[in-house]
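Topology and contacts: notes
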Amino acid sequence: MRMQTLKVSTKMAIKQTIQYNSKNSYFAGFLKELINESGVIGSVAQNNKEIILLLDDSDTNALTRLTNLTAKYLPHSIFLGEIQTQSESIKLLPSSFTSDTYNISLCPKCLELLTNPSSQNYLDDTIKCHHYSNKEAREYPDTTTFSAHYKEGDALLVVDPTHIKTLFLMTEDELKALYSIEKPTLKVTIKDEELKKLTGKKFITIQSPYNVRSTMVSLNAKESEIPYLFFKNSNDFKVVIIQKNITMIRETKGLQQTLEPLSDTPELNRFLNIQKEAHFVSAIGVNLSLEHGISFMLSNELGAKKVLSFSTFILSEVLEGMRRDERKSKMLINFEAKYPKIIDEMNKNGSYNLFETLSTILELQTKTFEAVSDKSLEFHGNGGLKIDTNFDETGFDYLSFIGSIMSFKLANTDEHYLAYSTFEALGDMSITICNQLKAKYKIDNFIMMGNMFENSILYSRILSKFTLSHPHFSKLFALDD
């Protein structure tokens, strides 16, 4: 964050109101440390998603020092929002501010100490950050191994930021998030042809150095003119950025707000916590989760419950149902004649889940949600195919859903277009059910949850086609466990 220019006023204090979408106190702690260093008389307070700065405007030299210090040493945060500056006539006294300790990366001041040869902390791998008014400087163990050789599923550590625009296609918002103090992992598009060839991918998860260990490894690699390294990603903090919305998909570092115990059911508990965050009296929830399945939830004055849950997908049962259906059985025979290897794999792996099955139909190398998601991102057109997302007396009709995808495959539909259409269909199906629940229960607040929203097509579809209903994506909580 670059502080706005502080204009000297005849009034007694400058007030800055910073929107901050987290209760984490480290950002306010960095501000308080820099205020102290600048010599400005000022106070910092944090509450209700806001950080309030009050600064004495009488010492212009101190204000200039503060502006310079924040430009140099104040890190960016993914939780940072708008900043408003005004003057107020108020009696100002210095205040104390103490932050809790967090598992965040080294700050710009720490990095300067670590990399400056004249610093007493030069290449000191025991350095700990104490520049955000924190109670203690704690070490967080990390045993990650980094390598110049890629293995399937690896994430990429960006060693040299000067190469980033030649390696990847990224927006400014993605770049800011990548180098924020929280250091999340992001899925980005690979631009460099050599990297595409090395990984066999068009998209990859990346992260910038996030602690002392990864920073030291990066310094050594950079000296050897190695622009990136690979590592096995723990997915402890994964975010997506869609139309300037920064959303946590998964977070286990303690940077999301702690969930209150509002329900014994994990999905309902997260839903109720997000409802409280959004200040909704009643709400309808959508949970598109790889681990917990697809479900729709309701919360009103009578309580909270799941009103619709998709049954577990079992490939062997889907195939058996197709064989019993006159129309689908004919399609299955034609599909087997054209794609015998696909049918053979499906018959041998009857326990495949939904995305393992889709990966098989699309003939993808790996059988995962991520593989289908990546394939969908290869399509850059508008408007997908109409894939069946109907219900029968038993619930969601998996037979028609899979059958329609196989039919389009049989018609020589490109795999990336078919994958794209699948995520678009899931989004449209969710919107349809939400509208039905809205009509039935007279509730017009909607909460979106689940790690399937890591897919930008699904997320964007909800934003574009459901925008008038203002679907809520949490900023305080991750969308899944």
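Predicted model, so just to flag it, every value in this text is computed and none were measured. (Residues numbered from 1 in each chain as written. Predicted model: local features only at pLDDT ≥ 70, side-chain atom pairs only at ≥ 80, totals over all residues. Heavy atoms only, no water.)

A few points about the sheet that holds strand S19 (residues 472-473)
Strands in a sheet are paired, the pairing made by backbone hydrogen bonds, and the direction either parallel or antiparallel. Ordered in space as S15-S14-S13-S18-S19, the five strands form an open sheet in which the pairing is mixed. Of all the strands in the sheet, just strand S15 (303-309) and S19 have a single pairing partner and so form its edges. Judged from the six bridges that link them, strand S14 (residues 293-300) and S15 form a sheet pairing that is antiparallel. Paired with Phe296 across the strands is Leu308, a residue of S15. (Pairing = 2+ DSSP bridges. Helix = DSSP H or I, 4+ residues; strand = E, 2+ residues; numbered from the N terminus.)

Observations concerning the pattern of salt bridges
Under the definition given, this model contains 27 salt bridges. The closest approach of N and O atoms between Glu363 and Lys409, which form a salt bridge, is 2.6 Å. Placement of the pair is Glu363 in the loop between helix H12 (354-361) and helix H13 (369-376) and Lys409 in helix H14 (residues 398-410), with a sequence separation of 46 residues. The class for Glu363 is partly exposed, based on a relative accessible area of 47%. Linked by salt bridges that have partners in common, Lys187, Glu370 and Asp374 make up one network. (Salt bridge = Lys/Arg side-chain N within 4 Å of Asp/Glu carboxyl O. Buried < 20%, exposed > 50% of the residue type's maximum accessible area, 1.4 Å probe, protein only.)

Considerations on the nonpolar core
It is characteristic of soluble globular proteins that their nonpolar side chains tend to be buried jointly. Core analysis: the biggest nonpolar cluster contains 66 residues, and Phe355, Ile402, Met406, Met448 and Phe453 have the highest contact counts within it. Sort the elements by how many residues they give to this core and helix H15 (residues 415-441) lands first, with eleven residues. Among all residues touching Met448, those that are not within four sequence positions of it are Val286, Cys434, Phe453, Ile462, Phe466, Pro471, His472, Phe473 and Leu479. Leu114, Leu175, Ala177 and Ile204 belong to the second-largest nonpolar core, a separate cluster that totals 62 residues. (Core = buried A, V, L, I, M, F, W, Y, C linked by side-chain atoms within 4.5 Å. Contact = heavy atoms within 4.5 Å.)

Some points on the packing of aromatic side chains
For the coordinates displayed, the defined rule picks out 25 aromatic pairs. Ring centres 5.2 Å apart and planes at 70° place the aromatic pair Tyr150 and Phe230 in the edge-to-face group. Here Tyr150, found in the loop between strand S5 (146-147) and strand S6 (155-158), pairs with Phe230, found in strand S10 (residues 228-231); they are 80 residues apart in sequence, far enough to count as distant. There is no split in this pair, since Tyr150 and Phe230 are both buried. Aromatic ring contacts, followed pair by pair, group Phe296, Phe310, Phe313, Phe391, Phe396, Tyr398 and Phe401 into a single cluster. The ring of Tyr73 carries Lys109 above its face, with NZ or CZ at 4.8 Å from the centroid. Taking the ring centre of Tyr339 as reference, the NZ or CZ of Lys409 above it sits at 4.9 Å. (Phe/Tyr/Trp six-rings, centres within 6.5 Å; stacked < 30°, edge-to-face > 60°. Lys NZ or Arg CZ within 6 Å of the ring centre and 35° of its normal.)

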